[in-house]
2 protein chains.
Amino acid sequence: MLTNRQLLILQLTVNDFIESAQPVGSRQLSKKEEVPFSPATIRNEMADLEELGYLEKTHTSSGRVPSEKGYRFYVDHLLTPQKLKMEDNLQLRSIFQERVLEAEVLIRNSASILSELTNYTTVLLGPDTTAHKVKRFSIVPLSGTKAVAIMVTDSGRVENHVFDAADGLSATDIEKMVNLLNERLVGTPLSEIPRMLATESKMLFERHVKNAGTILTSIQDSMIGKTEERMFYSGQMNMMKQPEFNDVQKVKTFLEAIEHGMPLTLFKNDLAGIQVRIGSENKEQTLGDFSVITTAYAVGTDMTGSIAIIGPKRMDYGRVITLLDILSEDLSSALARLTIDGRTDRRNES
Amino acid sequence: MLTNRQLLILQLTVNDFIESAQPVGSRQLSKKEEVPFSPATIRNEMADLEELGYLEKTHTSSGRVPSEKGYRFYVDHLLTPQKLKMEDNLQLRSIFQERVLEAEVLIRNSASILSELTNYTTVLLGPDTTAHKVKRFSIVPLSGTKAVAIMVTDSGRVENHVFDAADGLSATDIEKMVNLLNERLVGTPLSEIPRMLATESKMLFERHVKNAGTILTSIQDSMIGKTEERMFYSGQMNMMKQPEFNDVQKVKTFLEAIEHGMPLTLFKNDLAGIQVRIGSENKEQTLGDFSVITTAYAVGTDMTGSIAIIGPKRMDYGRVITLLDILSEDLSSALARLTIDGRTDRRNES
DNA sequence: TATTAGCACTCATTCATTAGGAGTGCTAAC
DNA sequence: GTTAGCACTCCTAATGAATGAGTGCTAATA
């Protein structure tokens, strides 16, 4: 459909605009060595590209700026595979060097390195933890009538919640309760726990232990909002580095939108590979001026989390995609090492 | 030293500037009903106040702006006691209505309500937890050679750390270890734990348990950075609402300074009552354009935390001081209820 | 004597005007 | 098919005048 020359010009225009954030003129383009054409020729081609909807003008006599369609085409067809600079590579890998055993830490670190390397905002969705299984319950009495309920999952996460058993808890009550809980619920996936607590087990518990209700409620409390996916933001302030956000008002709008929590579907990626949503392709209206690039990473065999990078539409797609590719890969394998077994990185199966 | 009229004019000038963020002129001031003087008279007084160093001009023919000395005098002598609006009062109190049992949650909520009510940035220093005592250790084995070490303090905090005992841990080893730890260390203040682990107990442990070293290290790891005071920030973005920060660059500088962590001495207040540090009175150079107001709150009988509010020098000192007074009081008593006993808010001693 | 009116002056801000530069579209020549 | 040339548009930065809020100072007033 497009001639080679048009492709070239479109590509260079987008590249240039991504780099400079300034409308690209024909004269400017003609100076590049890849372009052996005169400004006039380029003008003609640009006019055609504008008619086709790939480019736009900010005003009658301005240079050209990519339209959303232009970006889309660029992302789909014109992206040149990028190589990372050595230092980027080193930095990216550095987080997987140290022996980190908590998935959450690894994920946090990934988010922060990404936002650092891209100068955009990163959102990392932690994996769905509802499939994690309960490994141990315990209850530790504190002073007075208070006690703290603790739940450990097989992934090594520890949730806890302080509660107050107004009617008092005897040591034997606690022991009974803890034993019952461990007997009945260890090995159960988190997603099942609320149901189990509410129905089957409930009566059993209440028959044996005086204050079972309070304890159960408190265990449920400690799980609220914790079994669902978690979002880690990083580099929210990076948006201030982008020239299009030189206005405090815009920055504020963005930060407020982010802080008030976006629906996580925006950042989720259940598909294989990398997804790019440009401007209005994002469902959320507040992200109309942004592009979001997402990819999935694997946690163990069947769970996935998502990484999302939010930047202006004039985002460095090539670089971000390369970075995401590498990082999701690295993160996946780091997490695999973590969840399968601690052994693999030191010794063989024996 | 200053005449009554000078006091009045200084006060009104500061008030006005705090409200409007604009230099205050003589004509403008003379319009207020509290002022029965002509602009000319006010000009004369202002000229004197300027000579005395309380006011400044931004340029030769501009209105007056308070100097740091002016703010200082205002804070020390001219502050009129403020009454809170009913709604502010309600909002402020609301966080202590719900039954919250975790000190940390209470503290976080306090920080966020303060930043909401003031439109400034709040820093809340959690109490020194080194005096908290260990209530329970436990170790939960996960898959492979990994396990998670858990430590519960008498305040109900739960710290945990995943570790990898490369040489394997038998169930009996773990049990032995946990028993030893609990026997020897329960009741010990956190500040003592590292020493205990490193010296006295260490040999004992190592004699009885194969892999004691790994476990000990991991317990120490789980305490790193957790026994010291913690800072809770809230409302960092509020600074963008202040007209003096209409420039992205300034906002960025501020946010970066905050994020990169200020020495907490800046926000700490070990004295009784409220402290105000204006502009260059802050040790840290980056806070030269800000004022910081701090107060202490009590946690139980002998521990304290600090609340700090950071705003522009042109901060509403009266309001902030009032709010801080009330909140530190409320927070203190809420925490007292928490740490002494769970009973007090439901029933009498019996 | 303390206050105020009056006046000349300063400076920031606003607005219109201008000149320059970068861009465009179109046409005619190559 | 390509390009040089030209008239035209529009943004931007610079200039200067008008406006207004402010000042300091002096002389008149209460």
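Everything discussed here concerns the structure shown above.
Going along each chain's sequence as written, the residues are numbered from 1 onward. As a convention, the first chain written is A and the first ligand written is 1, with the rest following in written order. With pLDDT at 70 or above as the cut-off, local features in this predicted model cover only qualifying residues; side-chain atom pairs require 80 or more to be listed or tallied, and sums for whole chains, interfaces and linings still use all residues.

Asks: Kindly report on the overall build of chain A, identifying the contributing residues and their values.
Replies: Numbering of helices and strands runs from the N terminus, with a helix taken as a DSSP run of H or I at least four residues long and a strand as a DSSP run of E at least two residues long. A count of helical and extended segments in chain A gives 12 helices and 10 strands. The size measure is the radius of gyration over C-alpha atoms, and the globule rule it meets is 2.2 Å times the number of residues to the 0.38 power. Relative to the 2.2 N^0.38 estimate, which gives 20 Å for 350 residues, the radius of gyration of chain A is 27 Å and therefore markedly larger than a compact globule would have. Three exposure classes are used, all based on how many other C-beta atoms lie within 10 Å of a residue's own C-beta (placed from the backbone): buried at 20 or more, exposed at 12 or fewer, and partly exposed between those limits. Expressed as a percentage of its 350 residues, the buried residues of chain A come to 37%. Think of it this way: build a C-beta for each residue from its backbone, and any pair within 7 Å is a contact. Relative to all contacts within chain A whose residues are 6 or more apart in sequence, the contacts with residues 24 or more apart total 59%.

Asks: Help me get a handle on the environment of Glu51 of chain A, residues and values and all.
Replies: Its location among the elements puts Glu51 of chain A in helix α3 (residues 39–51). Separated by 125 residues in the primary sequence, Glu51 of chain A and Lys176 of chain A place their C-alpha atoms 77 Å from one another.

Asks: Lay out the relation of the copies chain B and chain A in plain terms, naming residues and giving numbers.
Replies: Note on the identical chains: chain B maps onto chain A by a rotation of 180° and an axial translation of 0.0 Å, with an RMSD of 0.1 Å. In short, the pair behaves as if placed about a two-fold rotation axis. Scanning chain B for the C-alpha nearest the rotation axis identifies Val248 of chain B, at a separation of 2.8 Å. When the copies are superposed, the least-squares fit takes in the C-alpha atoms of residues with a pLDDT of at least 70 in both.

Asks: Can you break down the protein's contact with DNA strand C residue by residue, with the values?
Replies: Close contacts around DNA strand C come from 20 residues, with Gly25 and Ser26 of chain A together with Thr41, Thr60 and Ser61 of chain B the closest. Secondary-structure elements contributing two or more residues to the surface near DNA strand C are α2 (26–31) and α3 of chain A together with α3 (39–51) of chain B. Of all the elements, α3 of chain A adds the most residues to the surface near DNA strand C, at 4 residues. Gly is put with the polar residues, along with every residue not named as nonpolar or charged; the nonpolar set is Ala, Val, Leu, Ile, Met, Phe, Trp, Tyr, Cys and Pro, and the charged set is Asp, Glu, Lys and Arg. Of the residues belonging to the surface near DNA strand C, the class tally is 5 nonpolar, 12 polar and 3 charged. Think of it this way: take the backbone, place a C-beta atom on it, and check whether that atom is within 6 Å of the molecule or strand, in which case the residue is near it.

Asks: How would you explain the sheet that holds strand β5 (residues 146–153) of chain B if you had to name every residue and give the values?
Replies: Residue and element names in this part refer to chain B. Paired strands, in this sense, are two strands between which DSSP finds at least two bridges. The 3 strands are arranged β4-β5-β6 in an open sheet whose pairing can be described as antiparallel. Of all strands in the sheet, those with a lone pairing partner are β4 (134–141) and β6 (158–164), marking the two edges. Averaged over all pairs of adjacent strands, the angle between strand axes in this sheet comes to 15°, irrespective of strand direction. Pairing between β4 and β5: 7 bridges, direction antiparallel. Bridging from a neighbouring strand, Val134 pairs with Thr153 of β5. In this analysis an axis means a line fitted to C-alpha atoms, helices contributing only their contacting stretch, and an angle means the value between N-to-C directions, from 0 to 180 degrees.

Asks: Describe the sheet that holds strand β10 (residues 303–312) of chain B, listing the residues and the values that go with them.
Replies: Residues and elements named next belong to chain B. Strand order in the open sheet formed by 5 strands is β7-β3-β10-β9-β8, with antiparallel pairing between adjacent strands. Only two strands of the sheet have a single neighbouring strand rather than two, namely β7 (231–234) and β8 (274–278). Direction aside, the axes of adjacent strands within the sheet are offset by 20° on average. The pairing of strand β9 (residues 290–299) with β10 spans 10 bridges and is classified as antiparallel. Paired with Tyr297 across the bridge in β10 is Gly305.

Asks: Just give me the short version of the protein's contact with DNA strand D, but keep the residues and values in it.
Replies: Near DNA strand D lie 21 residues; those nearest to it are His59, Thr60 and Ser61 of chain A together with Gly25 and Ser26 of chain B. When contributions to the surface near DNA strand D are tallied by element, the ones reaching two or more residues are α3 of chain A together with α2 (26–31) and α3 of chain B. With 4 residues, α3 of chain B is the single largest residue contributor to the surface near DNA strand D.

Asks: Residues and numbers for the interface of chain B and chain A, please.
Replies: Taken together, the contacts link 33 residues of chain B with 33 residues of chain A. Here the side of chain B that touches chain A gets 5 residues from one element, more than from any other, and that element is β6 of chain B. Within the side of chain B that touches chain A, the residues separate by chemical class into 15 nonpolar, 8 polar and 10 charged.

Asks: Any details on the nonpolar core? Residues and values, ideally.
Replies: A set of buried residues qualifies as a nonpolar core if it consists of Ala, Val, Leu, Ile, Met, Phe, Trp, Tyr and Cys joined through C-beta atoms within 7 Å. If you look at the biggest cluster of nonpolar residues, it comprises 154 residues, and the most contacted ones within it are Ala147, Val148 and Ala149 of chain A together with Ala147 and Ala149 of chain B. Among the elements that take part in this core, helix α12 (residues 317–340) of chain A stands out by supplying 10 residues, more than any other. Grouped together as the second largest cluster of nonpolar side chains are 8 residues, Met239 and Phe254 of chain A together with Met239 and Phe254 of chain B included.

Asks: Outline the environment of Ile113 of chain A, listing residues and values.
Replies: All names here are of chain A. Checked against the element boundaries, Ile113 lands in helix α6 (residues 103–118). On a C-alpha basis, the gap between Ile113 and Pro39 in space is 41 Å, while along the polypeptide they are 74 residues apart. Residues within four places of Ile113 in sequence aside, it is in contact with Gln91, Leu92 and Ile95.

Asks: Before we move on, could you go through unusual backbone geometry and cite the residues and values that matter?
Replies: All names here are of chain B. Despite not being glycine, Ala21 has its phi angle at roughly 65°, a positive value. Relative to the assigned elements, Ala21 resides in the loop between α1 (4–20) and α2. The class of Ala21 is partly exposed, set by 13 C-beta atoms lying within 10 Å. With phi around 65°, Asn119 is a residue other than glycine that occupies positive phi space. Mapped onto the secondary structure, Asn119 falls in the loop between α6 (103–118) and β3 (121–125).

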